[in-house]
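Coordinate inspection notes
The primary structure of each chain is shown beneath.
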Amino acid sequence: MYPGRSEDQKQKLTKAIIKEVTEIFECSEKVVSIGIEETEKELWPEAVYRPEILEKKKTLYKKPGYNPFD
């Protein structure tokens, strides 16, 4: 994500993701880990979009509705 979210927002997001993952997959919280990486907006296309979205299209279940290279 872009920098600027508060620690409280990140903690709330983490708790919400853990809640859903453990319910849907019927697993323990102890087997779930979540990492959040902040990337500056101007670095996003090459640091994140190309390697994690363009090069991994087959693994995406929700594709973004934008392309910074267009």
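One numbering rule holds for all chains: residues counted from 1, following each sequence as written. pLDDT decides what is reported in this predicted model: residues at 70 or higher carry local features, side-chain atom pairs at 80 or more are listed and counted, and totals for whole chains, interfaces and linings draw on all residues regardless. Water and hydrogen atoms were dropped before computing side-chain values, which therefore reflect all heavy atoms in the structure.

**With respect to the overall build of the protein**
Scanning the protein from N- to C-terminus turns up 2 helices and 0 strands. Note that the radius of gyration is over C-alpha atoms, with the globule rule given as 2.2 Å times the number of residues to the power 0.38. Its C-alpha atoms give the protein a radius of gyration of 15 Å, clearly above 11 Å, the size a compact globule of 70 residues would have. C-alpha atoms of the protein, sized along the principal axes, occupy 40 × 30 × 20 Å. Buried, partly exposed and exposed residues are distinguished by accessible area as a fraction of the type maximum, computed with a 1.4 Å probe on protein chains only: under 20%, between the cut-offs, and over 50%, respectively. Split into buried and exposed, the 70 residues of the protein put 16% on the buried side. Helix and strand labels come from DSSP, where a helix needs a run of H or I of at least four residues and a strand needs a run of E of at least two; each type is numbered from the N terminus.

**Digging into the pattern of salt bridges**
By definition here, a salt bridge exists when the distance from a side-chain nitrogen of Lys or Arg to a carboxyl oxygen of Asp or Glu is within 4 Å. Scanning all chains against the criterion turns up 6 salt bridges. For Arg-50, the salt bridge goes to Glu-46, with nearest N and O atoms at 2.8 Å. Taken together, the positions of Arg-50 and Glu-46, both in helix H2 (residues 44-53) and 4 residues apart, correspond to about one turn of that helix. According to the relative accessible area criterion, Glu-46 is partly exposed, its value standing at 48%. Here the salt bridges share partners, and the residues they tie into one network are Lys-19, Glu-20 and Glu-23.

**Details of the side chain of Thr-39**
As for its position among the elements, Thr-39 is in the loop between helix H1 (7-24) and H2. Whether two residues are in contact is decided by their heavy atoms: any pair within 4.5 Å suffices. Sequence-distant contacts of Thr-39, that is, excluding residues within four places in its chain, are made with Met-1, Tyr-2, Pro-3, Trp-44, Ala-47 and Val-48.

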